[in-house]
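Letter by letter, the chains look like this.
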Amino acid sequence: MALSTRGLRRSRALAVLPAVVLLGTAALAGCADPGASAAGNPSGGAQTTPARNGVVYNTSPDQQRIRAEKDPALAAKVPALISKDGKLTVATTAGSIPLSFHATDDKTPIGSELDIAQLVADKLGLELDVQVTSWENWPLKTQSGDFEAVFSNVGVNKDRVKLFDFASYRAAYMGFEAKKSATYDIKGADDISGLKVSVGSGTNQEKILLAWNKELEAKGKAPATLQYYSSDADTILALSSGRTDLNIAPYPSTVYRENTRDDLKVVGKVNAGWPSETLVAATTLRGNGLAPVISEALNSAIKDGSYGKVLERWGLSEEALPESKTITDENFAATQATATATPSGKAS
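None of these values were measured; they are calculated from a predicted model.

Here is what the cut-offs are and how they apply
- Residues numbered from 1 in each chain as written.
- Predicted model: local features only at pLDDT ≥ 70, side-chain atom pairs only at ≥ 80, totals over all residues.
- Heavy atoms only, no water.
- Pairing = 2+ DSSP bridges.
- Helix = DSSP H or I, 4+ residues; strand = E, 2+ residues; numbered from the N terminus.
- Axes fitted to C-alpha atoms, helices over the stretch in contact; angles between N-to-C directions.
- Contact = heavy atoms within 4.5 Å.
- pLDDT = per-residue confidence, 0-100.
- Expected span 1.5 Å × (residues − 1).
- Buried < 20%, exposed > 50% of the residue type's maximum accessible area, 1.4 Å probe, protein only.
- Salt bridge = Lys/Arg side-chain N within 4 Å of Asp/Glu carboxyl O.
- Phe/Tyr/Trp six-rings, centres within 6.5 Å; stacked < 30°, edge-to-face > 60°.
- Lys NZ or Arg CZ within 6 Å of the ring centre and 35° of its normal.

On to the sheet that holds strand β10 (residues 196-198), then. Taken together, five strands build an open sheet; the order of strands is β11-β10-β12-β9-β13 and the sheet is mixed. Two strands bound the open sheet, and with one partner strand each, they are β11 (225-227) and β13 (264-271). Pairwise comparison of adjacent strand axes, ignoring direction, gives a mean angle of 30° for this sheet. As judged from the four bridges shared by strand β9 (residues 173-179) and strand β12 (residues 246-250), these two strands associate in the antiparallel manner. The residue bridging G175 from the neighbouring strand is A249, located in β12. Against the sheet, helix α8 (residues 232-241) makes contact with β9, β10, β12 and β13, and its axis sits at roughly 45° relative to β9, the strand it touches most.

Take the confidence of the model for the protein next. Mean pLDDT over the protein works out to 86, with 83% of the residues at or above the 70 mark. Considering only residues more than four positions removed or in separate chains, one finds that residues 33-44, a stretch of pLDDT under 50, has 46 contacts. Predicted confidence is poor over residues 340-348, with pLDDT under 50, and the contacts of this stretch with residues over four places away or in other chains come to 24 contacts.

Take helix α7 (residues 204-218) next. Between its first and last C-alpha, α7 extends 21 Å over 15 residues, near the 21 Å set by a 1.5 Å rise per residue. Buried within α7 we find N204, Q205, E206, I208, L209, W212, N213 and L216. Buried-residue contacts for α7 involve β9, β10, β11, β12 and β13. Phi turns positive, to about 80°, at G220, one or two residues after α7.

Only a minority of non-glycine residues have a phi that is not negative, and only a minority of peptide bonds are not trans. With an omega dihedral of 5°, the bond running from I97 to P98 counts as a cis peptide bond. Cis rather than trans, the peptide bond between W274 and P275 has omega equal to 10°. Mapped onto the fold, P275 is located in the loop between β13 and β14 (279-285). Of note in the backbone geometry, A94 takes a positive phi value of approximately 50° without being a glycine. The exposure class of A94 is buried, given its relative accessible area of 13%. With a phi angle near 60°, N153 is a residue other than glycine that sits in the positive phi range. Its relative accessible area of 3% is what places N153 among the buried residues.

Our next topic: the pattern of salt bridges. For the coordinates displayed, the defined rule picks out 16 salt bridges. Close ionic contact of R170 with E319 constitutes a salt bridge, the shortest N to O distance being 2.8 Å. Of this pair, R170 sits in strand β8 (residues 164-171) while E319 is found in the loop between α11 (306-313) and β15 (326-327), placing the two residues 149 residues apart along the sequence. A residue is classified by how much of its surface remains accessible, and R170, at 1% relative accessible area, is buried. A residue is classified by how much of its surface remains accessible, and E319, at 1% relative accessible area, is buried. A salt bridge links D190 to K219, with the nearest nitrogen and oxygen atoms 2.9 Å apart.

Tallied over the entire structure, the rule returns eight aromatic pairs. Relative to W138, the ring of W135 has its centre 5.8 Å away and its plane inclined at 75°; by these criteria the two rings are edge-to-face. Arranged with centres 5.8 Å apart and planes meeting at 15°, the rings of F176 and W212 form a pair that is stacked. Here W212 lies in helix α7 and F176 lies in strand β9, a separation of 36 residues in the sequence. In this structure, F176 and W212 share a single accessibility class: buried. Joined through ring pairs, the aromatic side chains of Y57, F101, Y256 and W314 make up one cluster. Sitting over the ring of Y173, K269 keeps its end group 4.6 Å from the ring centre. Over the face of the ring belonging to Y251 we find K269, whose NZ or CZ atom lies 4.3 Å from the ring centre.

Rendered as structure tokens:
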């Protein structure tokens, strides 16, 4: 019996799975997991949320997304195995407002990540097919061919480039948030000494805090107490009630809460790749030829202004990149050495 297009992709992808997949997904999933942050859930509330930063967040299923025109030259560069069904199948975790989350109908995935994915699909002349998955599952499902690209606040790191290729599209930062009355100014390890900090387990946020605690212990200072909660709602409740002093989460989410709530504020910012720098990028199977085409599509969207409009729509203009770059295992070290992601507010 003939294989379907999706089945053919799956069988070919499985045939080339690298041996390092046996290491598991812990190292792959331990970066900027939106689902591990305290995202805030707009479900059941108003369908637009005016914010103090001037953004009016549309959380309804009717997004009226910013669209782009097909670029025939770019469309012709899409690998045949991917373009054959006319779709770009994109995975997202739908766990962090305003990046990727469920609309007020509790089922439609929306957010800046999907708006950017839409621009890419438009440029490539493909229909956007969004698949919601868990953070833990996207690596294996991308390797198997179920997903052709991941747009879900995935940061580039040395473990992931062994399995995936990347097309960068946003700066990658983590934010520290606290109660409005707090006087914290978090710039480094010394500033979290003795504090209670909530963090998602297995994330890059946790990795940063554990490294900072080692610094504190080496200096003879009290480490921070890391606290873990089972849900986003519990995390924010603990912060707002004073049971934790700080929460660390993807920076866009902390900015969203600062601008839509009266009780929280951002008190620090750190690059998600600390002590190095990293970028958020579209993630594709290593060597399948899609990442360079996505980079070209993103650069076309940057040039025509649609990319900037998407980030402005979600209050993320300060994380805009001047150019998308394709990052692979072969050039990863060089991109780390020449990282130039410099939004208006630099990481501490």
